[in-house]
Amino acid sequence: MKKALVSIAFGLTASLFATGASAQATLNSVKQKGFLTCGSNTGLAGFGLPDAQGNWTGLDVDLCRAMAAAIFDDPTKVRYIPLAAKDRFTALQSGEVDVLSRNSTMTMSRDTQLGLDFPAINYFDGQGFMVRKKLGVSSAKELNGASICTQQGTTTELNLADYFRANNMKYEVVAFATSDETFKAYDAGRCDAFTTDASGLYAERLRASAPDDHIVLPEIISKEPLGPAVRHGDNQWGDLVRWTHNAMLDAEELGVTKANVDQMKSSDNPEIKRLLGTEGKYGEGIGLTNDWAYRIIKHVGNYGEIFEKNVGEGSKLKIKRGQNALWTKGGLQYGMPIR
C-alpha cells in the first residue's frame, strides 16, 4: 500500500512541478472561491471530528478556522474534506484540498519526496500502545508474540517494526485501511493491542465499548511531530500557515486571549502592537491585512485556549500540555517573533 501511494505521489509531484507558476496561486484561489478547503481527519476526537449536524471541532480544525479568520475575518469559511491516511497526501498534491490539517507526521521522505512542506508543528506526539487491562500487561516490552492492530499508510507501521526488531521481539500485524476499521477491530478483540499516536489512543479509547477496560502503556516509541502540510513551491501559502500557528503561540506567551484582545489593542508593549497590527505592516508579507493576527485571536483564540478546549485537561481527552507547553514552561512550542 505504501509503495503504491509513493508511486502515485511521485507522478502527481511531477505534474505539480510542471505547472510551476500555478503553485504560487493558492491564496488567490482561496480568496476567489470565498472559502478554504481543509483536508481533515475522518473522525478523531480532539483533533478533527464532525457532530451530527456536520459542525467540525478539534485542534487541527481550529488551525483551519484560524486561517479562515486571518483571510476572511470569518472562521466559518472553511469546507472540511475527511481523508483517510492513505488518501491524504494525494488529495493535497492533486489540489483537492488547499491545506492538510490532519494529525500528519513530518518526516524526511514526506518533506523531500512527496512534493510537500510542513510549515508548522502544532502538536508534538509519539507512538504508543493500548491494551485491555485483563491482558495483565504493564509495559510494551511484555508484548512479545502479540497481535497488534494498526493502520495502513501511516508512519505507525514502520515504527512498530523498528520497535519490535530493536527489542528482539516477535509480533503479528493486523492492518486496516482506515483508523475507524482499525480501532473497531481492536475493540472487537481481533488483536491484543492497538497502536497509534498517543493522542489518538486517548481519543479512540473514548469510543471503546467499555473505555475503563483499557489502558495506555507508558512507553512512547517514536517522535511524531504532527502538523499541517501544503504543496511544495507555494512559499506565500506556506508562510501563511506557519505564521498563523506562530501568532497563536505568541498570543499565549504575551497573555493575549480571545476575551481581552480588544483591550490589548491599546497596549504599549511593542510585541503586542506588532502582533495585533497596530504597529508595522506585517500582514502585507503574507498577502493579508495588518490585523490578520487580531482576527485569529478574536475569532479562535490563542494556542493555549484551543489546546485546553480540544485536548487539554478541561476536555474529554484530559491530555497534559507536556511537550506542547510553551518553551517558557518547559515545553517545545516556541512562537517565532513578529518583527
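Definitions and limits used
- Residues numbered from 1 in each chain as written.
- Predicted model: local features only at pLDDT ≥ 70, side-chain atom pairs only at ≥ 80, totals over all residues.
- Heavy atoms only, no water.
- Core = buried A, V, L, I, M, F, W, Y, C linked by side-chain atoms within 4.5 Å.
- Buried < 20%, exposed > 50% of the residue type's maximum accessible area, 1.4 Å probe, protein only.
- Contact = heavy atoms within 4.5 Å.
- Salt bridge = Lys/Arg side-chain N within 4 Å of Asp/Glu carboxyl O.
- Helix = DSSP H or I, 4+ residues; strand = E, 2+ residues; numbered from the N terminus.
- Disulfide = S-S within 2.5 Å.
- Axes fitted to C-alpha atoms, helices over the stretch in contact; angles between N-to-C directions.
- Parallel < 35°, antiparallel > 145°, perpendicular 65-115°, else oblique.
- Nonpolar A, V, L, I, M, F, W, Y, C, P; charged D, E, K, R; others polar.
- Phe/Tyr/Trp six-rings, centres within 6.5 Å; stacked < 30°, edge-to-face > 60°.
- Lys NZ or Arg CZ within 6 Å of the ring centre and 35° of its normal.

Asks: Just checking my understanding: could you explain the nonpolar core for this structure?
Replies: Where a protein is soluble and globular, its nonpolar side chains tend to be buried together. Core analysis: the largest hydrophobic core is formed by 54 residues, its most contacted members being Val99, Trp237, Leu275 and Trp292. Not counting residues up to four positions away in its chain, the partners in contact with Trp292 are Ala70, Trp243, Thr244, Ala247, Tyr282, Gly283, Ile286 and Ile338. Membership of the second largest hydrophobic core comes to 14 residues, among which are Phe129, Val131, Tyr163 and Phe164.

Asks: Quick question: what am I supposed to make of the pattern of salt bridges here?
Replies: Two side chains that carry opposite charge are able to pair once their charged atoms sit near each other. Under the criterion given, the structure shown has 14 salt bridges. One salt bridge in this structure joins Glu252 and Arg321, with 3.0 Å as the shortest N-O distance. Within this pair, whereas Glu252 is found in helix H9 (residues 235–254), its partner Arg321 is found in the segment after helix H13 (303–310), the two being separated by 69 residues in sequence. For the pair formed by Glu252 and Arg321, the shared burial category is buried. Through salt bridges that share partners, Asp180, Lys184, Glu204 and Arg207 make up one connected network.

Asks: Would you mind going over the environment of Cys149 with me for this structure?
Replies: Here Cys149 is to be found in strand S9 (residues 146–151). For Cys149, a relative accessible area of 0% translates into the label buried. Sequence separation between Cys149 and Trp56 is 93 residues; the distance between their C-alpha atoms is 27 Å.

Asks: Is there a simple way to explain the state of the cysteines in this structure?
Replies: Within this structure, the stated rule accounts for two disulfides. Through a disulfide, Cys38 is tied to Cys64; the S-S separation comes to 2.0 Å. Across the S-S bond of Cys38 and Cys64 the torsion is about 55°, and the bridge reads as right-handed. Here Cys64 lies in helix H3 (residues 59–72) and Cys38 lies in strand S1 (residues 36–40), a separation of 26 residues in the sequence. Residue Cys38 shares its accessibility class with Cys64, and that shared class is buried. The partner cysteine of Cys149 in its disulfide is Cys191, sulfur to sulfur 2.0 Å. The disulfide joining Cys149 to Cys191 has a torsion of about -115° about its S-S bond and is therefore left-handed. One end of the pair, Cys149, is in strand S9; the other, Cys191, is in the loop between helix H7 (179–187) and strand S11 (193–197), and 42 residues separate them in sequence.

Asks: So what exactly am I meant to see when it comes to the packing of H3 against H9 here?
Replies: The geometry of a pair of packed helices is captured by two quantities: the angle between their axes and the separation between those axes. Across the interface, H3 lies against H9 with an axial gap of 10 Å and an inter-helix angle of 105°. Put simply, H3 runs roughly perpendicular to H9. Across the interface between the two elements, Leu63, Ala66, Met67 and Ile71 from H3 touch Trp237, Leu240, Val241, Thr244, His245 and Met248 from H9. For the contact of H3 with H9, the per-class residue count stands at eight nonpolar, two polar and no charged.

Asks: In this structure, what is going on with the packing of H9 against H13? I would like to understand it.
Replies: Following both chains from N to C, one finds H9 and H13 inclined at 95°, their axes separated by 7 Å at the closest point. By the criterion of interaxial angle, the relationship of H9 to H13 is roughly perpendicular. Touching His245, Met248, Leu249 and Glu252 of H9 are Tyr303, Gly304 and Ile306, all from H13.

Asks: Is there a simple way to explain the packing of aromatic side chains in this structure?
Replies: To describe a pair of aromatic rings, one takes the distance between the centres and the angle between the planes. One pass over the full model with this rule turns up twelve aromatic pairs. Their ring planes at 10° and their centres at 6.1 Å tell us that Tyr123 and Phe307 sit as a pair that is stacked. With Tyr123 in strand S7 (residues 123–125) and Phe307 in helix H13, the pair connects residues that are 184 residues apart, well separated along the chain. With relative accessibility at 1%, the residue Phe307 sits in the buried group. Above the face of the Tyr186 ring, Arg132 is positioned so that its terminal group lies 4.4 Å from the ring centre.

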